[in-house]
Amino acid sequence: MTDDFVTIYTCTYAHEIMLPRMQLEAEAIECFVKDEFTDPFVSNAIGGVKLQVREQDCARAIQILKDAGFLGGEG
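Residue positions are given per chain, counting from 1 as you read along its sequence in written order. Where local features are concerned, this predicted model is filtered to residues with pLDDT of at least 70; where side-chain atom pairs are given and counted, the filter is 80 or more; whole-chain, interface and lining totals use all residues. Side-chain numbers here rest on the full set of heavy atoms in the structure, without hydrogens or water.

**Focus: unusual backbone geometry**
Phase 1 of the analysis: Phi at alanine 28 is positive, roughly 65°, even though this residue is not glycine.
Phase 2 of the analysis: Counting from the N terminus, the helices are the DSSP runs of H or I reaching at least four residues and the strands are the DSSP runs of E reaching at least two. Inspection of the secondary structure assignment puts alanine 28 in the loop between α1 (18–26) and β2 (31–34).

**Re the pattern of salt bridges**
Phase 1 of the analysis: Basic side-chain nitrogens of Lys or Arg form a salt bridge, by our definition, when they fall within 4 Å of a carboxyl oxygen of Asp or Glu. The tally for this structure, following the rule as stated, stands at four salt bridges.
Phase 2 of the analysis: A salt bridge links glutamate 30 to arginine 54; the shortest N-O distance between them is 2.9 Å. With glutamate 30 in the loop between α1 and β2 and arginine 54 in strand β3 (residues 49–54), this pair connects stretches of sequence that are 24 residues apart.
Phase 3 of the analysis: For glutamate 30, a relative accessible area of 41% corresponds to the partly exposed category.
Phase 4 of the analysis: Between buried and exposed lies partly exposed: a residue is buried under 20% and exposed over 50% of the maximum accessible area for its type, with that area taken using a 1.4 Å probe on protein chains only. Residue arginine 54 is classed as buried on the basis of its relative accessible area, which comes to 18%.

**Concerning the packing of aromatic side chains**
Phase 1 of the analysis: Stacked, tilted and edge-to-face are the three classes applied to pairs of Phe, Tyr and Trp rings, where Trp contributes its six-membered ring and a pair requires centres within 6.5 Å; stacked means planes under 30 degrees apart, edge-to-face means over 60, and tilted covers the rest. Evaluated as defined, the whole model comprises two aromatic pairs.
Phase 2 of the analysis: When the ring of tyrosine 9 is compared with that of phenylalanine 70, the centres are 6.5 Å apart and the planes differ by 85°; the resulting orientation is edge-to-face. Taken together, the positions of tyrosine 9 in strand β1 (residues 5–11) and phenylalanine 70 in the segment after α3 (58–67) put the pair 61 residues apart, joining distant regions of the chain.
Phase 3 of the analysis: Given a relative accessible area of 26%, phenylalanine 70 falls into the partly exposed group.

**Remarks on α3**
Phase 1 of the analysis: Turning to α3, its buried residues number three or more, namely Cys58, Ala61, Ile62, Ile64 and Leu65. Looking straight down α3, one finds that the buried residues subtend no more than 160° of arc, so they occupy a single side. The exposed residues of α3 that point more than 90 degrees off its buried face are Ala59 and Asp67.
Phase 2 of the analysis: Contact definition: two residues touch when any of their heavy atoms are within 4.5 Å. Buried residues along α3 sit in contact with β1, α1 and β3. Regarding the arc, it is the one traced by the directions from the helix axis to the C-beta atoms.

Here it is as structure tokens:
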């Protein structure tokens with residue numbers, strides 16, 4: 001695996017990403033928020049605000065977000 005970041009969660013508004021991000025950081029998973037400062041009117045056109053984690057943390061991060069109710073079963 002590489003040190004590349006992958007998107008595991010998206011939303012329209014930057015404030016919506018705060019709780020999932022805090023949940024992952026509490027579990028010592030490094031996060032990056034891509035397109036955090038994008039205008040909400042443009043956000044949908046570019047795929048929203050993206051919560052990213054390192055590729056090697058992806059499976060664990062998805063499970064944490066599922067357990068916390070941020071992601072459905074398909075993740």
